[in-house]
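The residues making up each chain are set out below.
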Amino acid sequence: LGLLCGLGGVFALLELQIRRACSALARDRDHRNVAAGAEELAEASAAAATAAAAARRVELAAGAQAGLLFGLSSAAARTGLLLSQLLVAEYGAPARGLAPLGIAASVGFSASGIFAQNRGMKEGRAIVVCTYAAMVTIATGVLTGLLALNEQVPRRHRLRSVPP
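The structure displayed is predicted, hence computed values, not measured ones. (Residues numbered from 1 in each chain as written. Predicted model: local features only at pLDDT ≥ 70, side-chain atom pairs only at ≥ 80, totals over all residues. Heavy atoms only, no water.)

Caption draft 1: How the structure looks around the overall build of the chain. Of regular secondary structure, the chain possesses four helices and zero strands. Listed by position from the N terminus, the elements making up the chain come as α-α-α-α. Of all 164 residues assigned to the chain, the portion counted as buried reaches 30%. (Helix = DSSP H or I, 4+ residues; strand = E, 2+ residues; numbered from the N terminus. Buried < 20%, exposed > 50% of the residue type's maximum accessible area, 1.4 Å probe, protein only.)

Right, dumping it as structure tokens:
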């Protein structure tokens, strides 16, 4: 529960950054439409640099939001299935509803992640948003598995040859 609240706080901070950056981009678009003279060219150039920085913030924040949601999606499905399995073994049939609940939460998180990622691609570069989303997805899934689901890190690696 603490991990979920912490991730919710991070998500809210990212949302605040996106809203601020998007409003800066909107102000810059309005400013560029007004600027037409040669003396206003330098001012418009500075505003364009500010808009580029805002677009980079949107790329990072939206990618991180999407990654958090995709990571939570996989963790929700795994948590629902794991809890269902453990509680059914312990108590019987009444706990069978947890697996569908986990899968439904996973679908909701995935849909929200797609929305966040598309919003980032609308304002920024798609490759950057997708890269941030992939990195945060992996980190969120691993951290949730280690901290919340009490999974172990593999200790030994054996290489196996593939038969020809």
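Caption draft 2: View of a nonpolar patch on the surface. A surface patch of nonpolar side chains, amounting to about 560 Å² of accessible area, comprises Ile138, Val142, Leu143, Leu146, Leu147 and Val153. Of the residues examined, Leu143 reaches a relative accessible area of 47% and is grouped as partly exposed. (Patch = residues over 30% accessible without salt bridge, like charges linked within 9 Å, V, L, I, M, F, W, Y side chains within 5 Å. Areas by Shrake-Rupley, 256 points an atom, 1.4 Å probe, with all protein chains shown as cover. Salt bridge = Lys/Arg side-chain N within 4 Å of Asp/Glu carboxyl O.)

Caption draft 3: Layout of the environment of Ala55. Here Ala55 shows up in helix α2 (residues 41–91). The exposure class assigned to Ala55 is buried, which follows from its relative accessible area of 15%. Separated by 37 residues in sequence, Ala55 and Ile18 have C-alpha atoms that sit 9.1 Å apart.

Caption draft 4: Fine view of the nonpolar core. Grouped together as the largest cluster of nonpolar side chains are eight residues: Leu7, Leu14, Ile18, Ala61, Ala62, Ala64, Leu68 and Leu72. At five residues, α2 tops the list of elements feeding residues into this core. (Core = buried A, V, L, I, M, F, W, Y, C linked by side-chain atoms within 4.5 Å.)

Caption draft 5: Quick look at the side chain of Ser106. Structurally, Ser106 is set in helix α3 (residues 98–123). Given the relative accessible area of 12%, Ser106 is considered buried. Not counting residues within four places of it along the chain, the set of residues in contact with Ser106 comprises Ser73, Ala76 and Ala77. (Contact = heavy atoms within 4.5 Å.)

Caption draft 6: Examining the environment of Gly67 more closely. Within the secondary structure layout, Gly67 lies in helix α2. Placed 68 residues apart in sequence, Gly67 and Met135 show a C-alpha to C-alpha distance of 7.1 Å.

Caption draft 7: Main features of the packing of α3 against helix α4 (residues 126–147). The interhelical angle for the contact between α3 and α4, taken along N-to-C directions, is 150°, at an axis separation of 8 Å. The interaxial crossing formed by α3 with α4 has right-handed handedness. The segment α3 lies against α4, with Gln117, Gly120 and Met121 engaging Ala126, Val129, Cys130 and Ala133. Of the residues in the contact of α3 with α4, the class split is five nonpolar, two polar and no charged. (Axes fitted to C-alpha atoms, helices over the stretch in contact; angles between N-to-C directions. Left-handed = near helix turned anticlockwise from the far one by under 90°. Nonpolar A, V, L, I, M, F, W, Y, C, P; charged D, E, K, R; others polar.)

Caption draft 8: Geometry of the pattern of salt bridges. This structure, assessed with the given rule, holds one salt bridge. The partner of Arg125 in a salt bridge is Glu59, and the shortest N-O contact between them spans 3.0 Å. Separated by 66 residues along the polypeptide, Arg125 in the loop between α3 and α4 and Glu59 in helix α2 bring together distant segments of the chain. Exposure remark for Glu59: the relative accessible area of 3% places this residue in the buried category.

Caption draft 9: Here's a closer look at α3. Along its 26 residues, α3 runs 38 Å from first to last C-alpha, staying within 8% of the 38 Å computed at 1.5 Å per residue. Those residues of α3 that sit buried are Ala99, Gly102, Ser106, Gly113, Ala116, Gln117, Gly120 and Glu123. (Expected span 1.5 Å × (residues − 1).)

Caption draft 10: Structural detail: the environment of Val88. Inspection of the secondary structure puts Val88 in helix α2. Judged by its relative accessible area of 22%, Val88 is partly exposed. Sequence separation between Val88 and Leu98 is ten residues, and the spatial gap between their C-alpha atoms is 9.7 Å.

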